[in-house]
Amino acid sequence: MTLLFPGSFDPVTLGHIDIVRRAAALAERLIVAVLDNPHKTPLFSTDERTVLLWDALHDVKGIEIATFSGLLAEYAGQRNVTAIVRGVRDAEDFIGEARYAWHNRLFDGTETILIPSNPAFSHISSRIVREAAEHIYPTGSDDSVLRKLVPDNVRTALRRIMIAKE
Ligand code: PNS
């Protein structure tokens, strides 16, 4: 079985990493696919997001880090995956993910497997991480809160990018 875990990963969080490890344990192969969206300006470039994922996940067996653009359903069809995987933090996530899942199934017959987030990580989002880092680094505040949200390589990259933006 090959699973596909798509996302923006801007940046990858401890919540994403937990889902990757749990999904990788279910499948022979897991493709972690970074969305390259030309209509949005992410904090980290597609290449940077890919490298951060790779550094954080190099010990996980059977994973591939890829990028995709355009429709997820089309990409899932091209890669011939068994199913898409998404993490679900709460009821709001579930409503959104159920809609995406049905759209993707109608498009190409690809099923989606929803994995409930570990409650320890269910408050984390990439957006909260970006906002915290935007505040913490330019003001020189203590960044220990970020240890609870992202892996160390992402914390280092956030510090570098936020100080460079100043
Ligand atoms: O990490 P995110 O931002 O929650 O990931 C969202 C993602 C990448 C899974 C979603 O935006 C997506 O699938 N984008 C590709 C375009 C697409 O297929 N959209 C849905 C149907 S129109």
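The preceding data block contains the structure.
What comes next concerns the included structure.

The rules we used
Residues numbered from 1 in each chain as written. Predicted model: local features only at pLDDT ≥ 70, side-chain atom pairs only at ≥ 80, totals over all residues. Heavy atoms only, no water. Phe/Tyr/Trp six-rings, centres within 6.5 Å; stacked < 30°, edge-to-face > 60°. Buried < 20%, exposed > 50% of the residue type's maximum accessible area, 1.4 Å probe, protein only. Helix = DSSP H or I, 4+ residues; strand = E, 2+ residues; numbered from the N terminus. Expected span 1.5 Å × (residues − 1). Contact = heavy atoms within 4.5 Å. Polar contact = N/O pair within 3.5 Å; in protein donor to acceptor, adjacent residues only side chain to side chain.

So, the packing of aromatic side chains
- This structure, assessed with the given rule, holds 2 aromatic pairs.
- Arranged with centres 5.4 Å apart and planes meeting at 80°, the rings of Phe5 and Phe9 form a pair that is edge-to-face.
- Its relative accessible area of 2% is what places Phe9 among the buried residues.
- Both rings, one in Phe68 and one in Tyr75, keep their centres 5.2 Å apart while their planes meet at 20°; by these two values the pair is stacked. Here Phe68 and Tyr75 have matching classes, each one buried.

Details of helix H1 (residues 14-26)
- Spanning 13 residues, H1 covers 19 Å between terminal C-alpha atoms, matching the ideal 18 Å at 1.5 Å per step.
- For H1, the set of buried residues is Gly15, Ile17, Asp18, Ile19, Val20, Ala23 and Ala24.
- As for H1, its buried residues are in contact with strand S1 (2-7), strand S2 (29-35), helix H2 (46-57), strand S3 (63-68), strand S4 (83-88) and strand S5 (111-116).
- N-cap assignment for H1: the residue whose side-chain oxygen lies 3.2 Å from the backbone N of Gly15 is Thr13.

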